[in-house]
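# Breakdown of the fold
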Amino acid sequence: MCGVFGYVGKEDPLSVCLAGLEQLEYRGYDSTGIGGICKGEIVFCKKAGKLSLLKQGLDLPPLEIAIAHTRWATHGRVNDQNAHPHLDGSGAIAVVHNGIIENYDALREDLRKEGARFSSETDTEVIAHLISKHYQGDLVEALHKAIAWLKGIFALVVIHKNHPHELYAAARACPLSVGFNDERNEAMVSSDPNAFQRPRLNVLFLQSNEIARVSSSRIDVYDQRLKKISKKTERLEGNFQPPAKGGFEHYMIKEIYEQPITIQKSLFGRCNGEVQFEELPPYFLNKIKQVWFLGCGTSANAGRIAALLFEEIARIPAQCEIASEARYRTPLLTPETLVVAISQSGETADTLAAMREAKKYGCKTLAICNVKSSTLMRESDAGILLNAGPEISVCSTKAFTSQLAVLTLLTLYFAQLKKQISPKQLHSFLEHLRAIPAQIQQILDTASDLQKLAKKYADYEHFFFMGRRYMFPTACEAALKLKEISYVNANGYPAGELKHGPIALLNPRFPVVAFCANQQTEEKISSNLMEVKARGAPVLAIASEPQENIGSIADDLFRVPHTIDELSPFASVVAGQLLAYYIAKERGCDIDQPRNLAKSVTVE
Ligand code: AGP
């Protein structure tokens, strides 16, 4: 999704901004742009397409200061004009923006009546004109007046030709960080602090209509009443390592192969004898009577599995809600509800908005997240880190299995507190859990079998993925992987539901991938497989080692190691990830940056 970056300091602003954009690329984008000040004039270059295209056509003179952008189109097509930066009518101001201005149409009309001319279809251009309208020599003041007119969310970085040594930044409900290092005499602004690539950096986060004036030696922050405030800074320790594929062809396959380790990291220190989370004092959970999981996409699929686990093992009413829907319900939330917001990035706008909404009901909020410095971790009452390391591929893989590991432990933690599990049962459960990384390694070692299956199934355009109980959300997650990187139509269904409508679609060109590893429902899913076969649809089953019967029904079979039902999603989903990866490869797709998608979805 859109990324903003700005630099002021003694290094070449153009090179620093280009390096910053490279760090933002993984978020997913469709255009890039860079602008700056040279000899009192704003200059810029912007291009639809990959950053490499922008670099090829760059002909900017030496810059004194620069701002840069990766765009993920919301308002207006993907073309050069709509890429950022956007300028005001006089060309004195340049703006890069992440977010959405909801009332841009009305503002645009008003500004047009006052004589403004627009050269793009974007909501961002309105901001440049508004700032210009209010500018009388003080850009903080102009920015303050301009953002008061904006409805929606934004992270903005602005430059003005009369202020060639200052970046101006403003944010509302959108991540925006300012990084600075006094010794180096430089400062940077970005929507993602990981893009700073500097060791030992002090970082502050803007929020709630705050405005910053940023020069290489000084940062002034103002609140929404334009009062100067002092902000807490965080130290970003500099074990910064640029992402690398480590010999793999894509980040996705590298991250799939990391899972035996990343799961161990999620478990580390949290299940010695009994389950413990130093992040969670017991009093935090004592009065909890129900749990609400929130998330989007993959994180919501993890939440669905967690809701089943909570109900079954901890015996606490639990449900998972897609964050973008949760916000608009009239939920029966109380201060005795624990809201668990699950997010790899911690910046997903829908998840943040739903969590903020839940807080209004007095709910306690817990973030389960992979990024320590994220907005979600900062705004929740408590947070548990996944420790999976940076996930670069847009298609989430290792974050999902780490989410499952942490959510399983969280279930057991609650079960302990509520005395719903005996020490013996807990011991046995943890034994199975500790065996999961080795089981996943077993699957990775037989990945070539899935590669062969992928060759066979790569030409189909439609799939159903089906499963029962724990295998239903697992099937949904595997289907999500396939559709997002292969662009084939793959939908997850509860296996029993097919005959209530979707089965009408089945034919020999419409395969079904059946996730069967849930022992409790083995007989039922066998019958569902027969129903599918009777309609001539090819069947690829992913079943566990003892499930003999499934093998005799399915056209193709991939075996996963046996475990208890509650933990069956781990191995099965890894098989699904590999299948999706190899099918996408067969189809020649852009695996790490699939079209139309963003890693961090920072608009609602
Ligand atoms: C997963 O492969 C997706 N790219 C997507 O569904 C993702 O899980 C979703 O956007 C939520 O992201 P988050 O975990 O960072 O909140």
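Scroll up a little and you will see the structure.
The rules behind these values
- Per chain, the residues get numbers from 1 upward, laid out in the order the sequence is written.
- Per-residue local features of the predicted model are confined to residues with pLDDT of at least 70, and side-chain atom pairs are confined, for both listing and counting, to 80 or more; whole-chain, interface and lining totals are unaffected and use all residues.
- For the side-chain quantities, the full set of heavy atoms in the structure was used; hydrogens and water were omitted.
- Only protein atoms enter the calculation, which uses a 1 Å grid: trapped sets of points that fit a 1.4 Å probe without letting it out are cavities, open sets showing protein on both sides within 12 Å along at least five of seven lines are pockets, and any residue with an atom within 4 Å of a point is a lining residue.
- Grid points are joined across faces, edges and corners, and a volume is the space filled by probe spheres set on the points.
- Helix and strand labels come from DSSP, where a helix needs a run of H or I of at least four residues and a strand needs a run of E of at least two; each type is numbered from the N terminus.
- Here the term charged refers only to Asp, Glu, Lys and Arg, the term nonpolar to Ala, Val, Leu, Ile, Met, Phe, Trp, Tyr, Cys and Pro, and the term polar to all other amino acids, Gly among them.
- Each residue gets one of three labels from its accessible area relative to the maximum for its type: buried under 20%, exposed over 50%, partly exposed in between, using a 1.4 Å probe on protein chains only.
- When DSSP finds two or more bridges between a pair of strands, those strands are recorded as paired.
- The definition of a polar contact used here is a pair of N or O atoms within 3.5 Å, where within protein one atom must be able to donate a hydrogen and the other to accept one, and adjacent residues in sequence count solely through side-chain atom pairs.
- Throughout, a residue-residue contact means that at least one pair of heavy atoms, one from each residue, lies within 4.5 Å.
- Angular values range over 0 to 180 degrees, each being the angle between N-to-C directions of two axes fitted as lines to C-alpha atoms, with helices fitted over their stretch in contact.
- Should an angle lie under 35 degrees it is considered roughly parallel, over 145 roughly antiparallel, and from 65 to 115 roughly perpendicular; all remaining angles are considered oblique.
- Definitions for this section: a left-handed crossing has its near helix turned counterclockwise from the far helix by less than a right angle. A right-handed crossing has that turn clockwise.
- Here, the term nonpolar core denotes a set of buried Ala, Val, Leu, Ile, Met, Phe, Trp, Tyr and Cys residues that are joined through side-chain atoms within 4.5 Å.
- Residue ranges assigned to the domains are those given by an automatic or database domain assignment.
- By convention in these notes, a residue is near a molecule or strand provided one of its non-hydrogen atoms lies within 4 Å of it.
- Using a 1.4 Å probe, accessible areas were evaluated by the Shrake-Rupley method; residue-level cover was limited to the displayed protein chains.
- Pocket occupancy is defined atom-wise: a molecule lies in a cavity or pocket when more than half of its atoms are within 2 Å of its grid points.

## What to know about empty space enclosed by the protein
Taken as a whole, this structure holds three cavities of 30 Å³ or more when the rule is applied. Roughly 70 Å³ of internal volume is contained in the largest cavity. Lining the largest cavity we find Cys 2, Arg 71, Trp 72, Thr 74, His 75, His 84, His 97, Asn 98, Gly 99, Thr 122, Asp 123 and Thr 124. It is strand E6 (residues 93–101) that provides the largest number of residues to the lining of the largest cavity, a total of three residues. Residues of the lining of the largest cavity, tallied by class, amount to two nonpolar, eight polar and two charged. The computed volume of the second largest cavity comes to approximately 60 Å³. Every residue lining the second largest cavity is listed: Trp 292, Leu 294, Ala 326, Arg 327, Pro 331, Leu 333, Ala 354, Glu 357, Ala 358 and Tyr 361. Only strand E18 (290–295) and helix H11 (349–359) provide two or more residues apiece to the lining of the second largest cavity. In terms of residue count, H11 provides more of the lining of the second largest cavity than any other element does, three residues in total. Of the residues that constitute the lining of the second largest cavity, the class distribution is eight nonpolar, no polar and two charged.

## Digging into the pairing of strand E12 (residues 210–214)
The side chains of a regular strand alternate between the sheet's two faces. Within E12, five of the five residues are buried, which leaves the element mostly enclosed by the surrounding structure. Side-chain alternation along E12 places Glu 210, Ala 212 and Val 214 on one buried face and Ile 211 and Arg 213 on a second face that is also buried. Sheet topology note: the strand E8 (residues 167–172)/E12 ladder contains five bridges and is antiparallel. Across the sheet, Ala 169 pairs through a bridge with Ala 212, a residue of E12. Across four bridges, the pairing between E12 and strand E13 (residues 219–222) is antiparallel. In the strand pairing of E13, Ile 211 is matched with Tyr 222. The loop that links E12 with its antiparallel partner E13 comprises four residues.

## What to know about the side chain of Asn 98
You can see Asn 98 is positioned in strand E6. With relative accessibility at 0%, the residue Asn 98 sits in the buried group. One polar contact links the side chain of Asn 98 to the main-chain carbonyl oxygen of Cys 2, over a distance of 3.5 Å. Not counting residues within four places of it along the chain, the set of residues in contact with Asn 98 comprises Cys 2, Val 4, Arg 27, Ile 153, Phe 154, Ala 155, Cys 174, Ser 191 and Thr 602.

## Observations regarding unusual backbone geometry
The step from His 84 to Pro 85 runs through a cis peptide bond, and the omega angle for that step is 5°. By the secondary structure assignment, Pro 85 is in the loop between strand E4 (65–71) and strand E5 (86–87). Its identity is not glycine, yet Asn 209 carries a phi of approximately 65°, on the positive side. Following the sequence through the fold, Asn 209 ends up in the loop between strand E11 (201–205) and E12. Judged by relative accessible area, which is 14%, Asn 209 ranks as buried.

## A closer look at the sheet that holds strand E20 (residues 337–343)
If you trace the five strands from one edge of the open sheet to the other, you get E19-E18-E20-E21-E22, paired in parallel fashion. Looking at the sheet topology across the chains shown, the edges are occupied by strand E19 (318–322) and strand E22 (382–385). Within the sheet, the average angular offset between the axes of one strand and its neighbour, ignoring direction, is 20°. The pairing of E18 with E19 spans five bridges and is parallel. Across the sheet, the residue bridging to Val 291 is Ala 318, located in E19. Each of E18, E19 and E20 is contacted by helix H9 (residues 297–314), which is oriented at about 165° to E19, the strand it contacts most.

## Points about the sheet that holds E13
Within a sheet, each strand pairs with its neighbour through backbone hydrogen bonds, oriented either parallel or antiparallel. Read from one edge to the other, the open sheet built from seven strands follows the order E5-E6-E7-E8-E12-E13-E14, with strand pairing classed as antiparallel. Of all the strands in the sheet, just E5 and strand E14 (228–229) have a single pairing partner and so form its edges. Relative to the sheet, helix H4 (residues 124–134) contacts E5, E6 and strand E7 (152–160), its axis offset from that of E6 by approximately 130°.

## What to know about the packing of helix H7 (residues 259–267) against helix H13 (residues 398–417)
Contact geometry for H7 and H13: axes closest at 9 Å, N-to-C directions at 30°. Viewed along their axes, H7 and H13 adopt a mutual orientation that is roughly parallel. Viewed along their axes, H7 and H13 form a crossing whose handedness is right-handed. On H13, the residues touching Gln 259, Thr 262, Ile 263, Ser 266 and Leu 267 of H7 are Lys 398, Thr 401, Ser 402, Ala 405, Val 406 and Leu 409. Here the residues of the contact of H7 with H13 are counted per class, giving five nonpolar, five polar and one charged.

## Remarks on the nonpolar core
Counting residues in hydrophobic clusters, the biggest one holds 94 residues, and the most contacted among them are Leu 280, Phe 293, Val 340, Leu 410, Phe 463, Phe 465 and Leu 578. At 12 residues, helix H19 (residues 568–586) tops the list of elements feeding residues into this core. In this structure, this core is formed jointly by two domains, domain 2 (249–434) and domain 3 (442–592), each of which donates at least three residues.

## A few points about the site of the ligand
Close to the ligand lie 15 residues, the nearest being Ser 299, Ser 343, Ser 345, Thr 348 and Glu 484. Interatomic distance of 2.7 Å between a backbone N/O atom of Gln 344 and an oxygen atom of the ligand. One of the side-chain N or O atoms of Lys 481 is found 2.8 Å from an oxygen atom in the ligand. Relative to its unbound accessible area of 410 Å², the ligand is 91% covered by the protein chains. More than half of the atoms belonging to the ligand lie within 2 Å of the grid points that define the second largest pocket. Put simply, the parts of the chain that give the shell around the ligand at least two residues each are H9 and helix H16 (471–486). Of the residues contributing to the shell around the ligand, the split by class is five nonpolar, eight polar and two charged. Two domains each put at least three residues into the shell around the ligand: domain 2 (249–434) and domain 3 (442–592).

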